Amino acid sequence: MGMTTADSQFHVLAVDDSLIDRKLIERLLKTSSYQVTTVDSGSKALEFLGLNENNRNTPNETSVSPEIHQEVEVNLVITDYCMPGMTGYDLLKKIKESSSLKNIPVVIMSSENIPSRISRCMEEGAEEFFLKPVRLSDVNKLKPHLMRTKCCKNIQNQENQENNQSPEIQLQTAQSNNNNKRKAMDEGISPDRTRPRYNGFTLVSN
């Protein structure tokens, strides 16, 4: 298979109500060395992602269960478009409306080549739209989206670590930066203080 450590760290959530299609996409993803979780509906996908709908009164509001989301990190969601109940388009919208999940790339699959459907999904934030049957060449297109997500995640984690520093450490860092600036200014000024100035005249020694 040629599995690499970097690729095996990527976790893809595949969503399809067809068992045959789920098995196919799972096999393709595992051939490309990705970790795969498969579910058969959009609602189960949201549950796996830790997205709990507060429906009835506030249909557009969702909340994320931190315990589930932290335990299982999903780097990409690939979902069928036509599914009973919640369609792939509905799932896409739910993910993009969530402040905690909106950065997860979503790819839509469909057996029907309908331009209006494709453009609607892309406008809503889908990264790719694959026509079934999905091929290995399609799966290869996922890598750039996964790498970009991983890069953004690392930057975000670094920023969070810096923000979570204790006030004492932040104060020490600020003082250290100020001291370095002051030292640099002193070093830059001191030669001018000791060097005699001739105001444009050239000193000639006999």
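From a predicted model like this one, the values you see are computed outputs, not experimental measurements. (Residues numbered from 1 in each chain as written. Predicted model: local features only at pLDDT ≥ 70, side-chain atom pairs only at ≥ 80, totals over all residues. Heavy atoms only, no water.)

Attention shifts here to the packing of aromatic side chains. A full pass over the atoms with the stated rule returns one aromatic pair. On the numbers, 6.2 Å between centres and 65° between planes, the contact of phenylalanine 10 with tyrosine 34 is edge-to-face. A residue pair is termed long-range when its members are at least 10 positions apart, and phenylalanine 10 in the loop between α1 (5-8) and β1 (11-15) and tyrosine 34 in the loop between α2 (19-31) and β2 (35-39) qualify at 24 residues. Taking the ring centre of tyrosine 89 as reference, the NZ or CZ of arginine 120 above it sits at 4.1 Å. (Phe/Tyr/Trp six-rings, centres within 6.5 Å; stacked < 30°, edge-to-face > 60°. Helix = DSSP H or I, 4+ residues; strand = E, 2+ residues; numbered from the N terminus. Lys NZ or Arg CZ within 6 Å of the ring centre and 35° of its normal.)

With that settled, consider the confidence of the model for the chain. Do not read the fine detail of predicted coordinates wherever pLDDT is low. For the chain, per-residue confidence averages 80 on the pLDDT scale, and 62% of positions sit at 70 or higher. Counting interchain partners and residues more than four positions distant, the pLDDT-below-50 stretch residues 54-70 has 27 contacts. (pLDDT = per-residue confidence, 0-100. Contact = heavy atoms within 4.5 Å.)

What follows is about the pairing of β1. Where burial is concerned, most of β1 is hidden: five out of the five residues are buried. Every second residue of β1 is oriented toward a common face, with His11, Leu13 and Val15 on one face and Val12 and Ala14 on the other, all of them buried. Taken together, β1, α2 and β2 form a β-α-β motif whose crossover is right-handed. As defined by bridge partners, β1 adjoins strand β5 (residues 76-80) across four bridges and the pair is classed as parallel. (Buried < 20%, exposed > 50% of the residue type's maximum accessible area, 1.4 Å probe, protein only. Right-handed = clockwise from strand over helix to strand, strands pointing away. Pairing = 2+ DSSP bridges.)

So, on to the packing of helix α3 (residues 42-49) against helix α5 (residues 88-97). Interhelical geometry of α3 versus α5 gives an angle of 25° and a closest axis separation of 9 Å. Taken as axis vectors, α3 and α5 run roughly parallel relative to one another. As for the relative orientation of α3 and α5, their crossing is right-handed in sense. Contact residues: α3 offers Gly42, Ala45, Leu46 and Leu49, while α5 offers Leu91, Lys94 and Ile95. Of the residues in the contact of α3 with α5, the class split is five nonpolar, one polar and one charged. (Axes fitted to C-alpha atoms, helices over the stretch in contact; angles between N-to-C directions. Parallel < 35°, antiparallel > 145°, perpendicular 65-115°, else oblique. Left-handed = near helix turned anticlockwise from the far one by under 90°. Nonpolar A, V, L, I, M, F, W, Y, C, P; charged D, E, K, R; others polar.)

Turning our attention to the pattern of salt bridges. With the rule as written, the count across this model stands at eight salt bridges. Here lysine 132 makes a salt bridge to aspartate 16, at a shortest N to O gap of 2.7 Å. Placement of lysine 132 in the loop between β7 (128-131) and α7 (136-139) and of aspartate 16 in the loop between β1 and α2 is noted, with a sequence separation of 116 residues between them. The exposure classification of lysine 132 matches that of aspartate 16, with both residues buried. As a salt-bridge pair, lysine 132 and aspartate 21 come within 2.9 Å of each other at their nearest N and O atoms. (Salt bridge = Lys/Arg side-chain N within 4 Å of Asp/Glu carboxyl O.)

Moving on to unusual backbone geometry. Cis geometry marks the peptide bond from lysine 132 to proline 133, where omega comes out at 0°. Mapping proline 133 onto the fold places it in the loop between β7 and α7. In this model, serine 33 sits at a positive phi of 75°, which is unusual for a non-glycine residue. With respect to the element layout, serine 33 can be found in the loop between α2 and β2.

Before going further, it helps to spend a moment on the sheet that holds β7. Read across the open sheet, the five strands follow the order β2-β1-β5-β6-β7; overall the sheet is parallel. The sheet is open, and its two edges are formed by β2 and β7, each paired on a single side. Averaged over neighbouring strand pairs, the angle between their axes works out to 20° when direction is ignored. Alignment of β5 against strand β6 (residues 106-110), held across four bridges, turns out to be parallel. Looking at β6, one finds that valine 77 is bridged to valine 106.

With that out of the way, let us pick up the pairing of β7. Looking down a regular strand, the side chains alternate between one sheet face and the other. Where β6 meets β7, four bridges bridge the pair, whose relative direction is parallel. Paired with valine 107 across the bridge in β7 is glutamate 128. A crossover links β6 with its parallel partner β7, the connecting element being helix α6 (residues 115-124), and its sense is right-handed.

Once that is clear, we can look at the UniProt feature "modified residue: 4-aspartylphosphate" (unreviewed entry) in the chain. Sequence positions flagged by UniProt for "modified residue: 4-aspartylphosphate" (unreviewed entry) are, in local numbering, Asp80. Here aspartate 80 shows up in strand β5. Every residue in contact with aspartate 80, bar those within four places of it in the chain, is listed here: Val15, Asp16, Asp17, Gly88, Met109, Ser110 and Lys132. (UniProt positions renumbered as here; feature names shortened; annotations may be inferred.)

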